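Okay, here's what each chain looks like letter by letter:
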Amino acid sequence: MTTPAIHVSGLRKTYGRHVAVDYASFDVLPGEIFGLIGPNGAGKTTTMECIEGLRRPDRGTISVLGFNPFRDRRALQESTGVQLQAAQLQKRIKVKEAVDLWASLYRTSADADRLIEQLGLADKRDAWFTTLSGGQKQRLFIALALINDPQLVFLDELTTGLDPQARHAIWDLVRGIRRRGKTVFLTTHLMEEAQRLCDRVAIMDR
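Residues numbered from 1 in each chain as written. Predicted model: local features only at pLDDT ≥ 70, side-chain atom pairs only at ≥ 80, totals over all residues. Heavy atoms only, no water.

Hey, could you go over the nonpolar core for me, with residue numbers and the actual values?
If you look at the biggest cluster of nonpolar residues, it comprises 39 residues, and the most contacted ones within it are Leu 89, Val 99, Leu 140, Ile 142, Val 174 and Leu 186. Mapped by element, the contributors of at least two residues to this core are strand S3 (33–37), helix H3 (95–103), helix H4 (112–118), helix H5 (134–146), strand S6 (152–156), helix H6 (164–179), strand S7 (183–188) and helix H7 (191–197). Sorting elements by how many residues they give to this core places H5 first, with seven residues. For Leu 140, the contacting residues outside a window of four places in its chain are Leu 89, Val 95, Val 99, Leu 121, Phe 129 and Leu 132. (Core = buried A, V, L, I, M, F, W, Y, C linked by side-chain atoms within 4.5 Å. Buried < 20%, exposed > 50% of the residue type's maximum accessible area, 1.4 Å probe, protein only. Helix = DSSP H or I, 4+ residues; strand = E, 2+ residues; numbered from the N terminus. Contact = heavy atoms within 4.5 Å.)

A description of the pattern of salt bridges should follow, citing residues and the corresponding values.
Oppositely charged side chains are able to pair whenever their charged atoms sit close together. Applying the stated criterion to the full structure yields 13 salt bridges. Salt-bridge contacts for Lys 96 lead to Asp 113; the nearest nitrogen and oxygen are separated by 3.8 Å. Within this pair, whereas Lys 96 is found in helix H3, its partner Asp 113 is found in helix H4, the two being separated by 17 residues in sequence. Classification of Asp 113 by relative accessible area gives partly exposed; the value is 36%. When salt bridges that share partners are traced, they join Lys 96, Asp 100, Asp 113 and Arg 125 into one network. (Salt bridge = Lys/Arg side-chain N within 4 Å of Asp/Glu carboxyl O.)

With reference to specific residues and values, describe the pairing of S6.
Burial within S6 is extensive, with five of its five residues counted as buried. On S6, burial covers both faces: Leu 152, Phe 154 and Asp 156 on one face and Val 153 and Leu 155 on the other are all buried. Taken together, the five bridges between S6 and S7 define a ladder with parallel strand orientation. By the bridge assignment, Leu 152 is partnered in S7 with Thr 183. Remark: the S6/H6/S7 crossover connection has right-handed handedness. (Pairing = 2+ DSSP bridges. Right-handed = clockwise from strand over helix to strand, strands pointing away.)

Provide a residue-level description of a nonpolar patch on the surface, including the pertinent values.
Side chains of Leu 54, Val 82 and Leu 84 sit close together on the surface and give an oily, nonpolar patch of about 240 Å² of accessible area. If you trace the backbone, Leu 54 turns up in the loop between helix H1 (44–52) and strand S4 (59–64). (Patch = residues over 30% accessible without salt bridge, like charges linked within 9 Å, V, L, I, M, F, W, Y side chains within 5 Å. Areas by Shrake-Rupley, 256 points an atom, 1.4 Å probe, with all protein chains shown as cover.)

Outline the sheet that holds strand S1 (residues 6–15), listing residues and values.
Strand order in the open sheet formed by three strands is S2-S1-S4, with antiparallel pairing between adjacent strands. The strands lining the two open edges of the sheet, one partner per strand, are strand S2 (18–28) and S4. Averaged over all pairs of adjacent strands, the angle between their axes in this sheet comes to 20 degrees, without regard to strand direction. When S1 meets S4, the two strands line up antiparallel, connected through five bridges. Directly across from His 7, in S4, lies its bridge partner Ser 63. Contacts from H1 reach S1, S2 and S4 within the one sheet, and its direction differs from that of S1 by about 120 degrees. (Axes fitted to C-alpha atoms, helices over the stretch in contact; angles between N-to-C directions.)

Here it is in structure tokens:
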């Protein structure tokens, strides 16, 4: 049996009386694109944030690359890349500056210039963040998630609000991440996105 990249068992998270996640259990296998799908408000982002160690669940067991996301947070950060649903940067930071800043946060990092070129941002390396289109901003956030050359990448509602052309371009980038031997865990409420990208899915509703 292959050891899961992510193991979740009996995950429960509440906010006051509101139950956001009700005993979710699933495994994500190494090298696959795994999708957590469902309507907005189903608990997908809360589940992902618990796995990333950003929120502490009320109950349940979580293992990520063999680490406990709360006890081993620093070690886990070196092996994972994260793109948050509501990510933002300073308006007056340039693309190359942002990538270099993120690279400085890790002990080892990928080649920043090569990553910018691979993600189609070479002609925008000196552009302010505020001048980028929605698709270009998402490409930059993918670059930031990959700058530490992680084993596992989290992508939360990556293409929400993008036009069809930008969405298809981002899908190609996600497939490229998997071809580099990475594991991808993503959330989406778009069924076409799940069908095009994912090897397996888990469905969350209510």
